[in-house]
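An overview of the molecular structure
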Amino acid sequence: MTMTVSRLQDIPGFSIDRVAAAADRDPDVLRLENLDTDLAPPQEAVDATRQAVGRDDDNSYLPFTGQRTLREVVAAHVNRVVGRAGYAPEQVVITCGGTEGMLDALLAVTDPGDEVVLTDPTYAGMIYRVRLVGAVPVLIPFVIQDRGWRLDLDRLRSSVTDRTKALFLMNPSIPSGAVLDAREWDAVAEVCRERDLWLIYNAAMERILFDRRRLIHPASLDGMAERTLIVGSVSKEFRMIGWRIGWVVGPEHVMTDVARVHIYNVVTPPGIAQAGAATALRTSAEDFRACLAEWEGRRDVLCAQLEEYVTIPAAGGWSQLLDVAVLGLNSFEASRRLLEKGRVAATPMRYWGDRNGDGYVRLVFSNESLVRLAEVRERVDRALA
């Protein structure tokens, strides 16, 4: 039998792995396609993980929702970032990465047929998890203003209907590097309060902010703590992608449902990785600040290299977009040319948005050195000029 079940009919395959497979292990290829980084995790976290191997308590299914120590550390971390001492360990569920957390949150607060509002573009894994749970994604475009991405607030307000159940936002946003400002967060909060909506907040990169931007946490806004589900992880800020440790934090009454979904989804997160994550969350802020400065420097080099092309500097995160529609190309053709002629691996954005989808390719600047990124202009010229 080859028939695709209905829930998968509108869910395409991921294009990142196809580009990565085409690039293979050729050392000449600039690897700008995948959201990896070559900056090492905190050494203390690596050491703690090694020490957990073979330790009986770290080789157990229990507790299903995460080890108590890690839940305490996550609650303290989120309280620091939000700026309020409101979250207890009982309001934390440890997940297998933030990606599991997103699916758990969606399953806990939406029914099939409900509408979920996302930005255009956004991480394809967010759009298609909405579809996977049977909900309907509604995309609100980012628009370009003053060389930055700004959310279309009129469209945000007009697109919310009686079927809307949640807003699902990432900040900084993948793939654009857009960062919402105070006016935009106030508008999001107003819509959520007035229409009694959930906010599922993908906080995976929330502190990776450039140009001295300050972090505005939606749960700190009036009336938002009781309607916000925070999905975080150690994958980006702590560079611990392979550990697969994330969390969902939110109001106590909904976290029992998130925990139920988590238990019947994956049962338990990996024990030895939890030990490393707990240690990482206690490391000095200097470790993160050094990485942030390096990522911002790489962003700056990429922008300087592409000054003759149409690209919007990332306000945060690990990636930004190159406009290829102005060159008369779609994202798949541009990605093919970049790899074949320029030896640059870049991900096509066809399935990452509507208005801001197929006219762009994503360039990840977190996984190549400043020296290597200084080759971008010549390589892109060779492929696209």
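Here the structure is a predicted model, which is why all the values come from computation and not from measurement.

Our next topic: the overall build of the chain. The helix and strand inventory of the chain stands at 13 helices and 13 strands. Against the globule reference of 21 Å for 385 residues, the chain gives a C-alpha radius of gyration of 20 Å, in line with a compact fold. Overall size of the chain, expressed as C-alpha extent along the three principal axes, is 55 × 55 × 50 Å. A total of 385 residues make up the chain; the buried ones form 58% of that total. Long-range contacts, defined here as pairs at least 24 residues apart, represent 75% of the contacts in the chain between residues at least 6 apart. Accessible surface computed for the chain: about 16,200 Å², of which carbon and sulfur atoms make up 48%.

With that settled, consider empty space enclosed by the protein. Evaluated as defined, the whole model comprises two cavities of 30 Å³ or more. Its volume calculated, the largest cavity comes out at about 80 Å³. Lining the largest cavity are His77, Val78, Val81, Ala203, Ala204, Glu206, His217, Ile230, Gly232, Ser233, Glu237 and Trp247. Contributions of two or more residues to the lining of the largest cavity are made by helix H3 (68-82) and strand E8 (228-233). Here the lining of the largest cavity is built from residues that sort into six nonpolar, four polar and two charged. The volume enclosed by the second largest cavity comes to roughly 40 Å³. Contributing to the lining of the second largest cavity are Asn171, Val179, Leu180, Trp185, Glu206, Leu209, Arg214, Leu215 and Ile216.

With that settled, the discussion passes to the sheet that holds strand E3 (residues 115-120). Taken in spatial order, the eight strands line up as E2-E9-E8-E7-E6-E3-E4-E5 in an open sheet, and their pairing is mixed. The open sheet has two free edges, formed respectively by strand E2 (92-95) and strand E5 (148-151), since each of these has just one partner strand. Taking each pair of neighbouring strands and ignoring which way they run, the sheet shows an average axis angle of 25°. Note that E2 and strand E9 (residues 246-249) share four bridges and pair antiparallel. Each bridged residue has a counterpart across the sheet, and for Ile94 the counterpart in E9 is Trp247.

So, about the pairing of E8. Most of E8 is tucked away, with six of its six residues classed as buried. Covered by surrounding structure in E8 are Thr228, Ile230 and Gly232 together with Leu229, Val231 and Ser233, the residues of both alternating faces. With four bridges connecting them, strand E7 (residues 198-202) and E8 associate as parallel partners. The residue bridging Asn202 from the neighbouring strand is Val231, located in E8. Pairing analysis gives four bridges linking E8 to E9, with the strands arranged antiparallel. When the bridges of E9 are listed, Gly232 appears paired with Trp247.

What follows is about the sheet that holds strand E12 (residues 347-348). If you trace the three strands from one edge of the open sheet to the other, you get E10-E13-E12, paired in antiparallel fashion. Each edge of the sheet is formed by a strand with only one pairing partner; in this case those strands are strand E10 (319-323) and E12. In this sheet, strand E13 (residues 360-364) lies alongside E10 in antiparallel orientation, the contact comprising five bridges. Pairing of Ser319 across the sheet is with Val364, part of E13. Strands in contact with helix H11 (residues 331-342) are E12 and E13; relative to E13, the strand with the most contacts, it is inclined by about 45°.

Time to look at the pattern of salt bridges. Using the criterion set out here, one finds 32 salt bridges in the structure. When the shortest N-O distance is used, the salt bridge between Glu378 and Arg382 registers 2.7 Å. Separated by four residues within a single helix, Glu378 and Arg382 lie in helix H13 (residues 376-384), roughly one turn from each other. Classification of Glu378 as partly exposed rests on a relative accessible area of 45%. Members of the salt-bridge network, linked through shared partners, are Asp211, Arg213, Glu296, Arg299 and Asp300.

What follows concerns the layout of surface pockets. In this structure, the largest pocket spans a volume of roughly 360 Å³. Leu35, Thr99, Tyr123, Ile174 and Lys236 are the residues nearest the centre of the largest pocket, which is lined by 21 residues in total. Of all the secondary-structure elements, those providing two or more residues to the lining of the largest pocket are helix H4 (97-109) and E8. The greatest single-element share of the lining of the largest pocket, amounting to three residues, is contributed by H4. Considered as a void within the structure, the second largest pocket measures approximately 160 Å³ in volume.

The rules behind the values
- Residues numbered from 1 in each chain as written.
- Predicted model: local features only at pLDDT ≥ 70, side-chain atom pairs only at ≥ 80, totals over all residues.
- Heavy atoms only, no water.
- Helix = DSSP H or I, 4+ residues; strand = E, 2+ residues; numbered from the N terminus.
- Rg over C-alpha atoms; globule rule 2.2 N^0.38 Å.
- Buried < 20%, exposed > 50% of the residue type's maximum accessible area, 1.4 Å probe, protein only.
- Contact = heavy atoms within 4.5 Å.
- Areas by Shrake-Rupley, 256 points an atom, 1.4 Å probe, with all protein chains shown as cover.
- 1 Å grid on protein atoms, 1.4 Å probe; cavity = no way out; pocket = protein on both sides within 12 Å on 5 of 7 lines; lining within 4 Å.
- Points joined across faces, edges and corners; volume = space filled by probe spheres on them.
- Nonpolar A, V, L, I, M, F, W, Y, C, P; charged D, E, K, R; others polar.
- Pairing = 2+ DSSP bridges.
- Axes fitted to C-alpha atoms, helices over the stretch in contact; angles between N-to-C directions.
- Salt bridge = Lys/Arg side-chain N within 4 Å of Asp/Glu carboxyl O.

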